[in-house]
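Per-entry structural report
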Amino acid sequence: MNPLNLFTVFSAGCKREWQLQVRRKGDLLNPLVFFALVVVLFPLGVSPTEEVLAPVAPGVLWVAALLAVLMSLDALFRPDLQDGSLEQLLVCGYPAAPLSLAKVLVHWLLSCVPLVLLAPLLGVMLYLPWQAQGVLMLSLLLGSLTLSLVGAIGAALTTGVGKSGVLMTLLVLPFYMPVLIFGTGAMQAAVGGHDATAHLALLGALALLALVLAPWAIAAALRIAVSGE
């Protein structure tokens, strides 16, 4: 299939996924609410003082964001499997990789980008310095894209498994560690007044690598999951 046809399939998949996912507003809001609650409750459980919160703010924000993204991916493909549309997409003759990429990117736009926009406000609650807010948003933007693409592979593998949240977490969590390390490293560098470009470049490289490889892995995982039904 030539690149023009691939783009046509991808754009049609984006349009379909946008229409489907905006109807499930609860699924889109749950990760955002979870992210906000974790960050808001953390000072209440530890200490509301700047001396305690400021040093751990990068780690708290990133761990909460990672868990929120992970939670949002649990049922990414399950509705399509239940209504039979997933099987139809896999046997329709169109390549599954661009369709999978379209689904994950739309999910990222609707679930993770609002989380990135909310993060600076929550960072203020944790006494995160203003000079680190830009790095926070950029690192979360790049990191959440990688987390979504890698997590979608685990979601695809466990689509046909009942109550697969724990299994998916065990599958993808080891691959999340580099993103968490570089993301918190970028923020700690910004908080300390150092250059965070190296950490952001590594996050960008991981996101680019995931964009290239993950759609094909997701498509293969979906075929495995459907064939096992």
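These numbers come from a predicted model, not from an experiment.

Moving on: the packing of helix H6 (residues 96-125) against helix H9 (residues 197-227). Axis separation between H6 and H9 bottoms out at 8 Å; the angle between their running directions is 105 degrees. On the basis of the axis angle, H6 is roughly perpendicular to H9. Contacts from Ala96, Ala97, Ser100, Leu101, Val104 and Leu105 in H6 reach Leu211, Pro215, Trp216, Ile218, Ala219, Leu222 and Arg223 in H9. Residues of the contact of H6 with H9, tallied by class, amount to eleven nonpolar, one polar and one charged.

Once that is clear, we can look at the environment of Val52. In this fold, Val52 is placed in helix H3 (residues 50-72). Between the C-alpha atom of Val52 and that of Leu126, which follows or precedes it by 74 residues, the distance is 9.1 Å. Residue contacts for Val52: discarding those within four places in its chain leaves Val46 and Ser47.

The next subject is the side chain of Ser148. Along the chain, Ser148 turns up in helix H7 (residues 133-157). Exposure remark for Ser148: the relative accessible area of 0% places this residue in the buried category. Among all residues touching Ser148, those that are not within four sequence positions of it are Val69, Leu73, Val104, Trp108 and Cys112.

What follows covers the pattern of salt bridges. Tallied over the full model, the rule gives two salt bridges. Between Glu17 and Arg16 there is a salt bridge whose closest N-O contact spans 2.5 Å. The class for Glu17 is buried, based on a relative accessible area of 3%. Between Lys103 and Glu17 there is a salt bridge, with the nearest N and O atoms lying 2.8 Å from each other. Within this pair, whereas Lys103 is found in helix H6, its partner Glu17 is found in helix H1 (residues 3-21), the two being separated by 86 residues in sequence. Residue Lys103 is classed as buried on the basis of its relative accessible area of 3%. What emerges from the salt-bridge pattern is a single network uniting Arg16, Glu17 and Lys103.

Rules and cut-offs
- Residues numbered from 1 in each chain as written.
- Predicted model: local features only at pLDDT ≥ 70, side-chain atom pairs only at ≥ 80, totals over all residues.
- Heavy atoms only, no water.
- Axes fitted to C-alpha atoms, helices over the stretch in contact; angles between N-to-C directions.
- Helix = DSSP H or I, 4+ residues; strand = E, 2+ residues; numbered from the N terminus.
- Parallel < 35°, antiparallel > 145°, perpendicular 65-115°, else oblique.
- Contact = heavy atoms within 4.5 Å.
- Nonpolar A, V, L, I, M, F, W, Y, C, P; charged D, E, K, R; others polar.
- Buried < 20%, exposed > 50% of the residue type's maximum accessible area, 1.4 Å probe, protein only.
- Salt bridge = Lys/Arg side-chain N within 4 Å of Asp/Glu carboxyl O.

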